[in-house]
Amino acid sequence: MLSRQEYWLWFCNIEELNSPKREELLRIFGSPEAVFEAGEAELTQAGLTARQKNGIRKAGREESVKELSELLIKKEIRFISREEEEYPKRLRHIYHPPCGLFVRGRLPKEEAPAIGIVGARACSVYGREIAQYFAAELSKRGFSVISGLAAGIDAAAHTGALKAGGYTAAVLGCGTDQCYPQENLSLYLKLGETGGLLSEYPPGVPPYRANFPARNRIIAGLSDGIMVAEARERSGSLITASLALEEGKDIFSVPGRLGDALSEGCNRLIQEGAALVMTPEDIVQEYDRFFREKQTTHGGDEKFYNNLLETREKIVYANLSLMPKHIDALAKECKISFSELTQLLLCLELKGYARQVSANCYAACPDKLLSRG
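Let me begin by describing the structure that accompanies this report. Counting starts from 1 at the beginning of each chain's written sequence and moves along it residue by residue. With the structure being a predicted model, the display of local features is reserved for residues of pLDDT at least 70 and the display and counting of side-chain atom pairs for 80 or more, all residues being used for whole-chain, interface and lining totals. Where side-chain values are given, they derive from all heavy atoms of the structure, hydrogens and water being excluded.

We define a salt bridge as a contact between a side-chain nitrogen of Lys or Arg and a carboxyl oxygen of Asp or Glu at a distance within 4 Å. Tallying each qualifying case throughout the model produces 19 salt bridges. A salt bridge links glutamate 23 to arginine 82, with the nearest nitrogen and oxygen atoms 2.5 Å apart. Residue glutamate 23 is found in helix H2 (residues 19-29), and its partner arginine 82 is found in the loop between strand E1 (78-81) and strand E2 (100-105); the two are separated by 59 residues along the sequence. Between arginine 257 and aspartate 260 there is a salt bridge whose closest N-O contact spans 3.3 Å. When salt bridges with common partners are traced through the structure, they connect Glu40, Lys53 and Arg57 into a single cluster. Here a helix means four or more residues in a row that DSSP labels H or I, a strand means two or more in a row labelled E, and each is numbered from the N terminus.

Turning to the side chain of lysine 21, a few remarks are in order. Take lysine 21: it is sitting in helix H2. Looking at lysine 21, the relative accessible area reads 14%, which means it is buried. With sequence-adjacent residues up to four places away left out, lysine 21 is seen in contact with Gly47, Leu48 and Gln52. Throughout this description, buried means an accessible area under 20% of the type-specific maximum (1.4 Å probe, protein chains only), exposed means over 50%, and partly exposed covers the range between. We call two residues contacting when some pair of their heavy atoms lies within 4.5 Å.

Below, the discussion takes up the packing of aromatic side chains. Each pair of aromatic rings taken from Phe, Tyr and Trp, with Trp reduced to its six-membered ring, is defined by centres within 6.5 Å and is described as stacked if the planes are under 30 degrees apart, edge-to-face if over 60, and tilted in the remaining cases. For the coordinates displayed, the defined rule picks out 10 aromatic pairs. For the ring pair tyrosine 7 and phenylalanine 36, a centre distance of 5.3 Å and an interplane angle of 70° mean the geometry is edge-to-face. Taken together, the positions of tyrosine 7 in helix H1 (residues 4-12) and phenylalanine 36 in helix H3 (residues 32-37) put the pair 29 residues apart, joining distant regions of the chain. A ring pair is formed by phenylalanine 252 and tyrosine 287, whose centres lie 6.2 Å apart and whose planes are at 65°; its orientation type is edge-to-face.

The tendency in soluble globular proteins is for nonpolar side chains to be buried as a group. Nine residue types can take part in a nonpolar core, namely buried Ala, Val, Leu, Ile, Met, Phe, Trp, Tyr and Cys, and a core is a set of them joined through side-chain atoms within 4.5 Å. Membership of the largest hydrophobic core comes to 28 residues, with the highest contact counts inside it found for Leu91, Ile146, Leu222, Ile226, Val228, Ile251 and Leu269. Of all the elements in the fold, those that place two or more residues in this core are E2, strand E3 (114-118), strand E5 (168-171), helix H10 (211-222), strand E7 (225-228), helix H11 (236-246) and helix H12 (264-271). With four residues, H10 is the largest single contributor of residues to this core. Excluding its chain neighbours within four sequence positions, the residues that come into contact with leucine 91 are Pro97, Pro98, Leu101, Ile218, Gly221 and Leu222. By size, the runner-up hydrophobic cluster in this structure holds 26 residues, among which are Leu9, Phe11, Leu25 and Ile77.

Attention now moves to the sheet that holds strand E12 (residues 361-364). Strand-to-strand pairing in sheets goes through backbone hydrogen bonds, with the strands running parallel or antiparallel. Strand order in this open sheet of three strands is E10-E12-E11, and the pairing throughout is antiparallel. The strands lining the two open edges of the sheet, one partner per strand, are strand E10 (325-326) and strand E11 (354-358). Strand pairing requires that DSSP identify at least two bridges connecting the strands. Here E10 pairs with E12 via two bridges, running antiparallel. For histidine 326, the partnering residue across the bridge sits in E12 and is cysteine 361.

Among the residues of H12, Gly265, Cys266 and Leu269 are the ones counted as buried. Down the axis, H12 shows its buried residues gathered within 100° of arc, on one side only. Backbone geometry just downstream of H12 places glycine 273 in the positive-phi region, at approximately 115°. The arc under discussion is defined with respect to the helix axis, by the directions toward the C-beta atoms.

On to the sheet that holds strand E4 (residues 144-147), then. The mixed open sheet is built from nine strands, whose spatial order is E1-E2-E6-E5-E4-E3-E7-E8-E9. Of all the strands in the sheet, the pair left with one neighbour each is E1 and strand E9 (275-276). Across three bridges, the pairing between E3 and E4 is parallel. Its bridge partner lying in E4, alanine 114 is registered against serine 144. Interaxial angle, 0 to 180 degrees, is taken between N-to-C directions of lines fitted to C-alpha atoms, where a helix line uses only the stretch in contact. Where H1 meets the sheet, it contacts E1 and E2, and its direction lies at approximately 100° from that of E1. This element, H11, spans E3, E7 and strand E8 (250-253) of the sheet and lies at about 155° to E7.

Moving on: H2. Along H2, the positions that sit buried rather than exposed are Ser19, Lys21, Arg22, Glu23, Leu25, Leu26 and Phe29. Immediately beyond the C-terminal end of H2, within one or two residues, lies glycine 30, with a positive phi of roughly 95°.

In terms of burial, E3 is a largely internal element, five of the five residues being buried. For the crossover from E3 across helix H7 (residues 125-140) to E4, the handedness is right-handed. Sheet topology places E3 next to E7; four bridges connect them, and they run parallel. Across the sheet, residue glycine 116 finds its bridge partner in E7, namely isoleucine 226. Place the viewer so that the strands point away; then a crossover is right-handed whenever the path from the first strand over the helix to the second strand goes clockwise.

In this structure, serine 64 sits in helix H6 (residues 62-74). Every residue in contact with serine 64, bar those within four places of it in the chain, is listed here: Lys58 and Ala59.

Next up, the structure:
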């Protein structure tokens, strides 16, 4: 006799069923257990092909499910069905949420903002540096970085987050016991130890081409926003961005040179309404709510910040980022006179919220960024 969790494991192990077909069967039968116990006629009436019915029969032996459970323990892979509390809340309401996840390492924290960083596999050196830089800086500010372990932008994003000591998860188009591509083996091993390797596919499933568009919906689902660092006009990265947009997620795009094929997708996204980002701070500002909630929960730091900075100082501070700004640009953005702005910047410097990087150029202090109110 199988447990309820093992019925879900069995259901997710039927290679011949894709996610839409699983959803259809759950709608018809109500549970994996009911599908397991269904007869030939019932499965035929549900519209299953001979191949799909054969797949169900092949996976249907209790011994097979027990063997898979033992294999998961041996390979240190957890199976989390979507009935469980641990199943990511961000995934519960996406289009065709995975019936279960196979996980090595850790899941993203629900209370932390999550940004998906995607882009071209055959990226430029510039694109790789941008992805790594953004991932590192966002990680330092408490973001989870989600990507797909592909060559190029994905790998750079994971690398940046790991180097910054942050959390990053890779959503795979194969079983979590396999590394694809092999060139990212060292990165794969690090993610299993300090980050997360996630898949809706059980161990042993190869990286079939058809799996990757499907896994993109999970990258989009786990992320609060998607940043595209470099992408051609027709690419998997744009599919991920499109899926995220359908789920009401934020889309960020790094602009590129006109005429550069690797920038066509990013520039098109901006033309169609994606937020243009030039610094990590452009993204951080969109998710202040996470940090405000965290600060309120941990002892009233937000109240302290509000009392510490006067209203006019907060206006100036809100327009500062890690990238230095000239005082003339700040005066224009804040709509504050040059003389008053000079005094306000001096106050912010004395309180440790701003620093003068060079003559008349100011930036926010990194250690105070999480205190923004």
